[in-house]
Number of protein chains: 2
Amino acid sequence: MSKPTSKDLTHLLSEEAKSRKNSPLKGAFKYFKQPGMTFLGGGLPLPDYFPFDKVTADIPTPPFTNGLGAQVTEEDKTVLEIHKKAELNKGENEIELSRSLQYGFTEGQPEVVGFLKEHTDMIHKVPYEDWDVMATVGNTQSWDATLRTFVTRGDAILVEEFSFSSALETANAQGVITVPVPMDAEGILPDALDKQLDQWVGPKPKLLYTICTGQNPTGSCIDAERRKKIYDLAVKHDFIIVEDEPYYFLQMETYTTDESARKGKQPHSHEEFINALVPSYLSMDVEGRVIRLDSFSKVLAPGLRFGWIVGQAKLLERFLRIHEVSIQCPSGLTQSLTNGLLQKWGHKGYLDWLIGLRSEYTHKRDVAIDAVIKYFPKEIISFVPPVAGMFFTVTLDASKHPKFKELGEDAQKIEDLVYEQGLKQGCLMIPGSWFKSEGKTNPPQPELPENPDTKNTFFFRGTYAAVPLDQLVIGLEKFGKAVKIEYNL
Amino acid sequence: MSKPTSKDLTHLLSEEAKSRKNSPLKGAFKYFKQPGMTFLGGGLPLPDYFPFDKVTADIPTPPFTNGLGAQVTEEDKTVLEIHKKAELNKGENEIELSRSLQYGFTEGQPEVVGFLKEHTDMIHKVPYEDWDVMATVGNTQSWDATLRTFVTRGDAILVEEFSFSSALETANAQGVITVPVPMDAEGILPDALDKQLDQWVGPKPKLLYTICTGQNPTGSCIDAERRKKIYDLAVKHDFIIVEDEPYYFLQMETYTTDESARKGKQPHSHEEFINALVPSYLSMDVEGRVIRLDSFSKVLAPGLRFGWIVGQAKLLERFLRIHEVSIQCPSGLTQSLTNGLLQKWGHKGYLDWLIGLRSEYTHKRDVAIDAVIKYFPKEIISFVPPVAGMFFTVTLDASKHPKFKELGEDAQKIEDLVYEQGLKQGCLMIPGSWFKSEGKTNPPQPELPENPDTKNTFFFRGTYAAVPLDQLVIGLEKFGKAVKIEYNL
């Protein structure tokens, strides 16, 4: 069955993106490899002068049965070798250094982009025809480029009510207004979003920016049903969904306090693993109105500075133009070695790695939530154990704090007190208010009704990703103590 | 003797740069390593899960006596080893993978930035106190970030009359008007620039963008005297000089047709080498109004995607804010391995490498110019043998073309004919008109008097960098033939 092609959405491009031109020099490059042509056009240094003759990397060998954190030993070690000239090497699909360390391939080297396309289709089964993948230097830069491609100073975009503060700052500095969309513990509320857009004053926002899986900061993971409703709203109100998905493969088993039930709960086959993943917006995208920001930062390593954008080819071409005159492409060493790793592992080995991550993060999350239950005072807190990502949040009831009335019934003042007490006791968690998006259009949008569930509450964001598990438990014990001290419990 | 501190130039910042805020999250990071503090603040993956346990690289060993292009042999090979944890290694100043592959150090890892600062001071002897170095992913991105830091849509900047078309497009797409400054075969004409600014209509431009050494496309290298005059104009008219200097270390001996004089002409000591370099604008910058864009692209390899900006610390802090929410920093593999190479070589070894480049490029340039002299018809061409960079240009007299009158005395039409004939004969050189900067302000600036020397001329840009020397000679023979055919010679 043939798939539909994407809808033309070029009317949503920014002034900047519309005005970007191809370089005439790039046009001349069609003669670069023409037989009989001496090409004196480009300022490329000879690869003979690249001072890296060979690079190697020691990587673990699938299926990683001792866990991902295990020390790589001689037995389970694979050695990648990337040569300056590929003919010296036996490896197939190798990105030789004379190519990766040269100019060219702004969209990413074909071997690694090819792997990512196969991987993307395996996971998301993209339902339209003309989608593509473009390499970036990580989601932070992908988001910056996305804003430049679609919005112009003064435009408004939609963001989650609590969102990653750096992502908000990326928009703010570009003069873009980040208007919050109401959410609850499970993510964006579709009905509220629909109402918000029905009564929208002025030009409607072109983008919804969402960290939908393992949301930062709330740790929520919006379910398939809400996603579908939100996708339909994107069609109805003609906006693009930017799904920023660094945590997509940090999905876990559902939390249970029953320790015996935890065992053997992880998916065993690749198929089970893939089917257990929450469907992405991309997987529902029949019109090509999803821009998916993907990255190796949380699944391999952030310092690779290697991400990729999935979207319709016609829109990605505008990203190519911006990358040609800004980042160009990810580092050649990153591309050669990451590609080497992926080709050695193959899709099966990479899925083994991702399954390993799922198991590691499930365990970390369990330890964190166990400690919250053990050390935090039940009577004033609430939380939803996360099923994805690096973060968990603990919500506190400000109205039960002894100074609530005295401090003018201001939840944020109580939040400050608990934060400071946490530092005093020796544990830092990030106050939820630091992530509040508060952009206002001019004229302002009509007020949405206040959510009675979250009135007089505040929350803290913690992570189980970054600290050894013994430290995590000690930290949460200290923060729990801080809460008890503040609340006289 | 103590150096002066820089002048406050924050009035030259763009709207965007002024509005960029520090992330409150970054503020919390001061507690990251505080003893006794459990830090649950940041979403950092554990380095245990980074799948690169060790990386190595084979690099050549100084002093590279067989030339830079020589195959690395077992005898002159140095093997870099970078481990996940530095204590496993003997190397000092190593950037271990658990750090380079993690988040952090937006400004660049301290070891490699430290090396670059020492190198910068050794070469440029920066005459003010509070300068600094910041890592970027190459000069293309540095220039994009520089524009975002200083100019706002609608602003005008100054560029060379012929300039790198991608750099112009970077500005154009941001809605910035690139106003040409008159130049001759030796670069920008200071008196014309002064006059242009004296009679400037509207807000004066904040930036002059210049590729001053091995200019792209003209191949010119502006001398110290003109540089000093232009620096004084920057002070007088309060603009910033952006010196885009990828070719700085591709400086060569003066061209001579006397082959015996070519031998033994290269500088022998590091000191001689440094003293033979043309002084940079940075070396004259007593006020901190130079932003220098430097890069490894032409001296090590473009695919490293590793450049750096030198400028006053207060202005660089604004670049840090933009990098935090866009590129973050160069790839960790690039930083670990490039730093490894630089630390192994040391400053002396790196200077040996640069001296080797000087010698290689001098030879390439000689071969190119010899071939131009041999194969191009003297009577209609002129050229200045370049002393820096990858490019040479050949200027042609349009008025001597048989169809000049017939085609309305339009030099560009003759240029087109020669370009097409070149393709037919099998050699591509880039027409100079492709690099013409033609930005116009509204209202327009007063017309400058036409340069009688360049009226009725056009030029082609060639490179001796990218092709083996035998190919270069064959190509120039073919292009010379094309010129002769077109001119009936």
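Residues numbered from 1 in each chain as written. Chains lettered and ligands numbered in written order. Predicted model: local features only at pLDDT ≥ 70, side-chain atom pairs only at ≥ 80, totals over all residues. Heavy atoms only, no water.

Chain A carries the name aromatic-amino-acid transaminase in an unreviewed UniProt entry, which gives Cerrena zonata as its organism. Its UniProt record gives chain A a comment under Catalytic activity (unreviewed entry), which states: "an aromatic L-alpha-amino acid + 2-oxoglutarate = an aromatic oxo-acid + L-glutamate". In the Subcellular location (unreviewed entry) part of its UniProt record, chain A is described as follows: "Cytoplasm". (UniProt positions renumbered as here; feature names shortened; annotations may be inferred.)

Before going further, it helps to examine the relation of the copies chain B and chain A. Mapping chain B onto chain A calls for a screw motion: a turn of 180° about the axis and a shift of 0.0 Å along it, with 0.0 Å RMSD after fitting. One copy is carried onto the other by what is essentially a two-fold rotation axis. For chain B, the residue whose C-alpha comes nearest the rotation axis is Thr56(B), separated from it by 2.6 Å. In this assembly the copies share their binding face: 100% of the residues contributing to the interface of chain B also contribute to that of chain A. (Least-squares fit on C-alpha atoms with pLDDT ≥ 70 in both. Contact = heavy atoms within 4.5 Å.)

A separate point is the UniProt feature "domain: Aminotransferase class I/classII large" (unreviewed entry) in chain A. Mapped onto this numbering, the UniProt entry gives "domain: Aminotransferase class I/classII large" (unreviewed entry) at residues 97-409 of chain A. Annotation note: span residues 97-409 of chain A, helix share 42%, strand share 16%, distance between end C-alpha atoms 63 Å. (Helix = DSSP H or I, 4+ residues; strand = E, 2+ residues; numbered from the N terminus.)

Residue and element names in this part refer to chain B. The strand order across the open sheet formed by four strands is β13-β14-β17-β16, and the pairing between neighbours is antiparallel. Each edge of the sheet is formed by a strand with only one pairing partner; in this case those strands are β13 (381-382) and β16 (430-431). By the bridge criterion, seven bridges tie strand β14 (residues 391-397) to strand β17 (residues 457-463) in an arrangement that is antiparallel. Note on β17: the bridge partner recorded for Asp397 is Thr457. (Pairing = 2+ DSSP bridges.)

What follows is about the domain arrangement of chain A. Residue and element names in this part refer to chain A. Splitting chain A by domain gives domain 1 (87-352) and domain 2 (357-486). Computed from C-alpha coordinates alone, the two centres of domain 1 and domain 2 are separated by 27 Å. Tallying the contact residues gives 48 residues for domain 1 and 39 residues for domain 2. A buried area of about 3600 Å², summed over both sides, lies between domain 1 and domain 2, and 62% of it is on carbon and sulfur atoms. (Domains from an automatic or database assignment. Buried area = accessible area lost by both parts, 1.4 Å probe.)

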